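Structural overview for review
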Amino acid sequence: MTTHEYTAGATPPLGSARVHPEPAPSPTSAPTPSPTPTAQSAPAPKKPGRDRYLDLLRSIALVRVVVYHLFGWAWLTVLFPSMGVMFALAGSLMARSIGRPALGVIRGRIRRLLPPLWAFSAVALALMFAGGWNVLKDPDNGGTWGLVKLIDYVIPIGAPPFPWHIGSKSGLLEDTWAVQATGPLWYLRAYLWFVIASPLLLWAFRRVPWATLLAPLALTAVLGTGLVTIPGETGNAISDFTVYGGCWVLGFAHHEGVLQQVPRYLAVSCSALLMAFGLWWASGHLGPDGWDLNDIPLAQAAWSFGFVVILLQYSPSWQELPGRLARWDKLITLSNNRAVTIYLWHNMLIMATVPIIDQAYSLPFMHSDSAVAALDSSYMVWMFLLVWPLIGLTILAFGWIEDIAAQRSPRLWPDGAKRKKGASRGSHRV
């Protein structure tokens, strides 16, 4: 079974539960830095500074994930491989942080991850239990082992149990809602294992960079071609690690300046060849959803790796968003500050749009066939328009938990507006 994102409202293949984040400016990569800084030396990174280009990429990745899970368009996985991008950005931040004692960094990353997960798990499990799910009697996850597996809702070391069908098809939500809701948790599991493995991966990367960078692709080829098959959730977890491991290590390469040492024409040419191979492989191994790369691990790994290399090679390291992009500054800041909340809840919120929109069929002017047909034909558009206000409400309700987890003062709507206003006032002082 392969890692894939699935469309909200469609039951994923049995055995899978999946449906995903922090930038930093790259340091200089000169092998022999001068012991005495001069006026020509590169300026030290600003304390509050963020690489807005990387922030923009993360925001695009989040929007793409929501749109994909709503509409299920397979071509979106080719247009923008969101998960590969998000793992690369997280790997870059991890490489920056790991200059401090590794154990403290790992503990800090896990601390940031768990409280938002606990809030989501509390709501999801409460709804499952209220819907009549009894984990002890579940035919797929029943007995003592199913009870033990509930720990994955607290610490995402494996795949959590959930009912494949709950409630009725005529209920407020379709009977596969639990599968859809728990889908995003595969990303947290993969992220956790990448964080734990990062000290070893970074140690290996600094000694044998190219071997460490390409090893995940080689392992994906072994698994993706069927030379070795690992069944069940263990196979899914290993597949996740190999498919996106190259992107995580690319984050290291970006931060350490290794990518910048490769001539751009060479990096782009090799990436294009690798991406072409990914599409060629996908063309001969199309799944039930056609060109959905999430169903084709080797194609996903090759395409995501090449795509990320090109994005990072052209990385302009903006301190501020330029030109027309500046108008999106607040939303990009907000989405980066609430990336975990948005990712965790978006699938459940997509499903929550259905019972809300269904109320429109009861309105007085909806008794004509033409009105019903118009709503039917535009249903997905209304879902798309409604899910964003619901995401906004969820940010207000649960997003502040990310601040608590990061040991910051809780903020309801951290879009950077107050910071910019304060900076503007200060700029007029002499």
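Let us look at the structure shown here.

Cut-off values and rules
Residues numbered from 1 in each chain as written. Predicted model: local features only at pLDDT ≥ 70, side-chain atom pairs only at ≥ 80, totals over all residues. Heavy atoms only, no water. Helix = DSSP H or I, 4+ residues; strand = E, 2+ residues; numbered from the N terminus. Buried < 20%, exposed > 50% of the residue type's maximum accessible area, 1.4 Å probe, protein only. Areas by Shrake-Rupley, 256 points an atom, 1.4 Å probe, with all protein chains shown as cover. Salt bridge = Lys/Arg side-chain N within 4 Å of Asp/Glu carboxyl O. Patch = residues over 30% accessible without salt bridge, like charges linked within 9 Å, V, L, I, M, F, W, Y side chains within 5 Å. Expected span 1.5 Å × (residues − 1). Polar contact = N/O pair within 3.5 Å; in protein donor to acceptor, adjacent residues only side chain to side chain. Phe/Tyr/Trp six-rings, centres within 6.5 Å; stacked < 30°, edge-to-face > 60°.

On a plain count of helices and strands, the protein comes out with 17 helices and zero strands. The buried share among the 430 residues of the protein stands at 50%. In the form shown here, the protein has an accessible surface area of approximately 20600 Å², with 67% of it arising from carbon and sulfur atoms.

The next point concerns the pattern of salt bridges. Across all of its chains, the model carries eleven salt bridges by this definition. Residue aspartate 55 pairs with arginine 50 through a salt bridge whose shortest N-O separation is 2.9 Å. The exposure class of aspartate 55 is buried, given its relative accessible area of 0%. Looking at arginine 50, the relative accessible area reads 31%, which means it is partly exposed. Through salt bridges that share partners, Arg50, Arg52, Asp55, Arg58 and Asp329 make up one connected network.

Turning to a nonpolar patch on the surface, a few remarks are in order. Judged by side-chain polarity, Trp118, Ile151, Val154, Ile155, Ile157, Trp193, Ile196 and Phe241 come together as a nonpolar surface patch covering roughly 660 Å² of accessible area. Position of valine 154 relative to the elements: it lies in the loop between helix 5 (143-149) and helix 6 (177-182).

Across its 20 residues, helix 1 (residues 52-71) extends 28 Å between first and last C-alpha, which sits within 8% of the 28 Å expected from 1.5 Å per residue. Most of helix 1 is tucked away: 17 of the 20 residues are buried. The N-terminus of helix 1 is capped by aspartate 51, whose side-chain oxygen sits 3.1 Å from the backbone nitrogen of tyrosine 53.

We now examine the packing of aromatic side chains. This structure, assessed with the given rule, holds 27 aromatic pairs. Their ring planes at 40° and their centres at 4.9 Å tell us that phenylalanine 87 and tyrosine 187 sit as a pair that is tilted. Of the two residues, phenylalanine 87 sits in helix 3 (residues 82-97) while tyrosine 187 sits in helix 7 (residues 185-207), which places them 100 residues apart along the sequence. Given the relative accessible area of 0%, phenylalanine 87 is considered buried. By relative accessible area, which is 2% here, tyrosine 187 ends up buried.

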